[in-house]
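Residue strings, one per chain:
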Amino acid sequence: MNNQGLSVCMIVFNEENNLARCLSSITHIADEVVIVDTGSTDNTVQIANAFQAKVIPYVWEGDFSAARNFALDHATKEWILVLDADEILQGIDITPYMENNDVGGYMVRFLNYYGHYDKNSYFTDFSCRLFRNHPSIRFQGAIHEEISTSLKTNGWNIKNSEITLHHFGYIHNNEKKQRKHERNVSIINKSMIATPKDPRLTYALGVEYLQAEKYKKAYDIFMQLLRGISPSADYAPDIVLKSVHLLRSFQKNEEALELAEQGLEHYSDFADLYDAKAAILMDLHHYPAAIHSLEQSCSCPAHTFYSSQAGTGSFRTLYTLGEANEKLFNFETAVEHYRASLNTCPAYQPAWGRYLLWSTAPFVSTSTFINDIKNWKDSLQTGQWLTMMKILVASSQRDKWETAKQHIPEPILKELHVWHPLAEALTLSIKGQKKSAASHLIRQKKTFHLEEVLFIWCVYYEESLDHQKWLETYVHDFSLIKDLYTCMMQGYNDEYKGAVTLAKWMFLEGRMVNGYIRFTRSLDSCNSLPLIHLYLFPNFPAQDLEKITDHLSVNTEKQSVEECLAISLLQLKCGKHRQSQKLLKKLMERAPSSPLPRLVTLLSYQSKTASPPIIDINNLLTHLTCLNNGI
């Protein structure tokens, strides 16, 4: 093939939502675009024509390689870049790669985004997508088709490259995900009739079941693959990693740990496998060993050719190091790891949440906190600033918030402006001026967002005002308000859990203790302690803290181990040592493998003496605070 240049080859079906984005990313490098359309009924073909692509109709036969090769047959340039419509090429000049006469193809790095789009939520993968145009170089495999085998068979070298494709195909609704899963499983099963012993097809089927959350089927397949796979196979590391995760998900931690260690003997630079090993060790409460494994992960090379989750060996692993150190009550060390994680990726929400919680502790100085905010401010998202406002204001650290607010970029400050009246109202409520807080909010706003409606309702409920009428006004505006209203009228069931949790959150944020107690008593079946707000209790007045502790101490049999631990700590803060020790004794029976009930028991006995406590109760409450449900 002497026709120099680059052909971009694609197969598409109903890709009107993706195609323009994809083609826009390659217009600067493509000398021709060959698009094989398999029967689109939307605007896909029109969009392709608008980009002057060569569009060729094709009858889909359930074979990806056949469709890919049909596109290759129509390519006229010396080199071919294969793309899917849900991919975009990261801006890079690939011309130098095509000038190397000794190479037949190049491995390309994929960033596969998943779930709801977040630029830090992806896993990496590698495949040969840039290669020479030659009749003997063709794709193989009806699904998860690959061209590397063909290149190698024909004596061509395949080298690595810095070319990156961003893949958005795993971000879709459940209906589309199910259709794609059913299609892929059908193709794989048909292929396995012809070649039933092909391990790549078995692997592809296991991956499909794993992505579809059919874990038992995936488990059976991966256990089968483990018995016959060679460690040198290119997909063997991924089989080992996924098998470790599956074993752990079925509570087979000892087997999972053994497999992880065996895998690391072959793949000693595989950061994800070190992280998986650490997760198992943390499940087993072997925290020092988990920390060692995480440190090994951080020492792995930044760029390898394993399939890897974003942030492994970097910001995600540093965050987990913080979690592991919290388990050992090395709280200051934990905070340093959260800071290190955010220094690498300020937008990483889990590290941000933990760092903000601990920023309210005395050992994190205001100057350190503000310096960190200055360093990260340009990368922080609006939601992160909002979380900071809520935590600092609710922790009676309004001055720290006002200082941090000075560093908010102007566009985000404008977005946050709508939340300032609520922050002011919360401040008044915390000071005991409940009615003034509601009146202030009503004067400041003509229309209210959900949390403002809920805050005013909590004040009315706390002060025994006409709270029912207030809810009735907004039942058609917010589904959660409708759920709360229905719950108050008809009684609690799990359908209203979200609304009830949010109401508890607002009562405690505004220090409306009497309202919180009355509200939860009216809903006896869900009288649980909201772990997302444990960090607030150290700031409660002693009288309010005792009220809420007595209230929560009733029916602890219905509470989780973590909730009971928190209650025992609150009992200690209130000087109720005997009650705390009695509850802790029950906890040691319920969770014999957990070290925390024993530590709190020791703290309970020591707190009776004059010596300094072995660990600060307030720090333990912060440690137990769980932000998984958001703030």
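Starting from 1, residues in each chain are numbered consecutively following that chain's sequence as written. Local features are withheld for residues below a pLDDT of 70 in this predicted model, meaning they are given only at 70 or higher, and side-chain atom pairs are given and counted only at 80 or more; totals for whole chains, interfaces and linings count all residues. Hydrogens and waters are ignored; side-chain quantities use all the structure's heavy atoms.

(A) A look at the overall build of the protein. Think of it this way: any DSSP run of H or I at least four residues long counts as a helix, any run of E at least two long counts as a strand, and we number them from the N terminus. Secondary structure assignment for the protein yields 31 helices and nine strands. Note on classification: 1.4 Å probe, protein chains only; a residue is buried when its accessible area is under 20% of the maximum for its type, exposed when over 50%, partly exposed between these limits. Taken across its 631 residues, the protein has 55% of its residues classed as buried. By definition, residues are in contact when any of their heavy atoms lie within 4.5 Å. The contacts in the protein between residues at least 6 apart in sequence include a share of 64% that link residues at least 24 apart. All accessible-area figures derive from a Shrake-Rupley calculation using a 1.4 Å probe, and residue coverage is judged against the displayed protein chains alone. When the accessible surface of the protein is split by element, carbon and sulfur atoms take 49% of a total near 28800 Å². Positive charges come from Lys and Arg alone, negative charges from Asp and Glu alone, with His and the N- and C-terminal ends not counted. Think of each charge as sitting on NZ of Lys, CZ of Arg, CG of Asp or CD of Glu. Computed over 62 positive and 70 negative side-chain charges, the inter-centroid distance for the protein is 6 Å.

(B) Region of the structure containing the packing of aromatic side chains. Here a pair means two rings of Phe, Tyr or Trp (six-membered ring of Trp) with centres within 6.5 Å. Their orientation is stacked below 30 degrees between planes, edge-to-face above 60, and tilted elsewhere. Across all of its chains, the model carries 37 aromatic pairs by this definition. Measuring from ring centre to ring centre gives 5.2 Å for Tyr-203 and Tyr-235, while their planes differ by 35°; the resulting arrangement is tilted. Of this pair, Tyr-203 sits in helix H7 (residues 199–211) while Tyr-235 sits in the loop between helix H8 (215–228) and helix H9 (236–249), placing them 32 residues apart in sequence. Residue classification places Tyr-235 among the buried positions, given a relative accessible area of 10%. Across the ring face of Phe-168, the terminal group of Arg-21 is positioned such that the distance to the ring centre comes to 4.3 Å. Lysine NZ or arginine CZ positioned within 6 Å of the ring centre and within 35 degrees of the ring normal marks a charge as sitting over the ring. Across the ring face of Phe-369, the terminal group of Lys-400 is positioned such that the distance to the ring centre comes to 5.2 Å.

(C) Quick look at the nonpolar core. Ranked by internal contacts, the top residues of the largest apolar core, which has 107 residues, are Phe-369, Met-388, Phe-455, Trp-457, Phe-519, Ile-548 and Leu-620. Per-element accounting of this core gives the leading share, nine residues, to helix H22 (residues 450–462). The contacts of Ile-548, once residues within four sequence positions are left out, are Leu-508, Val-513, Tyr-516, Ile-517, Phe-537 and Phe-540. Nonpolar core, defined: a set of buried Ala, Val, Leu, Ile, Met, Phe, Trp, Tyr and Cys residues in which side-chain atoms within 4.5 Å join the residues together.

(D) Molecular detail of the pattern of salt bridges. We define a salt bridge as a side-chain nitrogen of Lys or Arg found within 4 Å of a carboxyl oxygen belonging to Asp or Glu. Tallied over the entire structure, the rule returns 23 salt bridges. Taking the shortest distance from any N to any O, the salt bridge between Lys-586 and Glu-557 comes out at 3.8 Å. On the criterion of sequence distance, the pair formed by Lys-586 in helix H29 (residues 577–590) and Glu-557 in the loop between helix H27 (542–552) and helix H28 (561–573) is long-range, its members being 29 residues apart. On the basis of relative accessible area, Lys-586 is assigned to the partly exposed category, the value being 38%. Its relative accessible area of 58% is what places Glu-557 among the exposed residues. Residues joined by salt bridges that share partners form a network here, namely Arg-68, Asp-84, Glu-87, Arg-129 and Glu-145.

(E) Region of interest: the pairing of strand E4 (residues 79–82). Burial along E4 is two-sided: Trp-79 and Leu-81 facing one way and Ile-80 and Val-82 facing the other are all buried. Looking at chain direction, E4 and strand E7 (residues 122–132) are connected through three bridges and run antiparallel. Bridging from a neighbouring strand, Trp-79 pairs with Arg-132 of E7. What makes two strands pair is DSSP finding at least two bridges between them.

(F) Seen up close, empty space enclosed by the protein. Using a 1 Å grid laid over the protein atoms alone, points where a 1.4 Å probe fits but cannot get out form a cavity; open sets with protein on both sides within 12 Å along at least 5 of 7 lines form a pocket; any residue with an atom within 4 Å of a point counts as lining. Grid points are joined across faces, edges and corners, and a volume is the space filled by probe spheres set on the points. A complete count under the given rule lists one cavity of 30 Å³ or more for this structure. Roughly 30 Å³ of internal volume is contained in the largest cavity. Considering the residues around the largest cavity, the lining is formed by Met-389, Lys-390, Val-393, Leu-422, Ala-423 and Leu-426. Contributions of two or more residues to the lining of the largest cavity are made by helix H17 (382–394) and helix H20 (420–430). Polar here means any residue outside two lists: the nonpolar Ala, Val, Leu, Ile, Met, Phe, Trp, Tyr, Cys and Pro, and the charged Asp, Glu, Lys and Arg; Gly therefore counts as polar. Of the residues assigned to the lining of the largest cavity, the class counts are five nonpolar, no polar and one charged.

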